[in-house]
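One-letter residues, chain by chain:
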Amino acid sequence: QEVTVDMLDHLEQLALVDFRDAEGVARLQKAIQFADQLHEVNTDGVEPMDSVLEDRCLYLREDDVTEGNCTKELLKNAREKVEEYFVAPPGNIPLPKLEERETFLQGF
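Residues numbered from 1 in each chain as written. Predicted model: local features only at pLDDT ≥ 70, side-chain atom pairs only at ≥ 80, totals over all residues. Heavy atoms only, no water.

K.L.:
Give a detailed account of the overall build of the protein, specifying residues and quantitative values.
P.N.:
Regarding its fold elements, the protein presents four helices and two strands. For the protein, the N- to C-terminal ordering of α and β elements is α-α-α-β-β-α. Taking the contacts inside the protein whose residues are at least 6 apart along the sequence as the reference set, 57% of them involve residues at least 24 apart. For the protein, the accessible area works out to roughly 10000 Å², and carbon and sulfur atoms hold 51% of it. (Helix = DSSP H or I, 4+ residues; strand = E, 2+ residues; numbered from the N terminus. Contact = heavy atoms within 4.5 Å. Areas by Shrake-Rupley, 256 points an atom, 1.4 Å probe, with all protein chains shown as cover.)

K.L.:
Give me a nonpolar patch on the surface: which residues, what numbers.
P.N.:
Taken together, the side chains of Met49, Val52, Leu53 and Leu58 define a hydrophobic patch exposed on the protein surface, amounting to about 420 Å² of accessible area. In this fold, Val52 is placed in the loop between α2 (22–36) and α3 (71–75). (Patch = residues over 30% accessible without salt bridge, like charges linked within 9 Å, V, L, I, M, F, W, Y side chains within 5 Å. Salt bridge = Lys/Arg side-chain N within 4 Å of Asp/Glu carboxyl O.)

K.L.:
Let's hear about α2: which residues, and what values?
P.N.:
Taking 1.5 Å per residue as the helical rise, α2 with its 15 residues ought to reach 21 Å, and the 21 Å between its terminal C-alpha atoms agrees with that figure. Every buried residue of α2 is listed here: Gly24, Val25, Leu28 and Ile32. The buried residues of α2 occupy one face: seen down the axis, they fall within an arc of 95°. Away from the buried face of α2 by more than 90 degrees, exposed residues Arg27, Lys30, Gln33 and Phe34 are located. (Expected span 1.5 Å × (residues − 1). Buried < 20%, exposed > 50% of the residue type's maximum accessible area, 1.4 Å probe, protein only. Arc of directions from axis to C-beta.)

Everything listed here is a matter of geometry and, on its own, says nothing about what the molecule does.
Here it is as structure tokens:
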């Protein structure tokens, strides 16, 4: 599958990964080729799974709070916060303008 400018734009916004250099685009193309192998697998009659551990019982522990009222101390660790929440990831990557991407992809 050909890597288009629109695909790069969409993936960069989803993953916050910069694919502007030749190595990034080459890795993306290899990942797409690898994933395309899944189209060759016959999954007719195979029910979708919720988990790879469907045949096992997952035991949950009690969610007991052992300490509390440490919000201020925890938020001191945040590079960026909004109100009383961590901002994660701490900012989007600067995305190039559409024209820059079109000229970059001409080499592929």
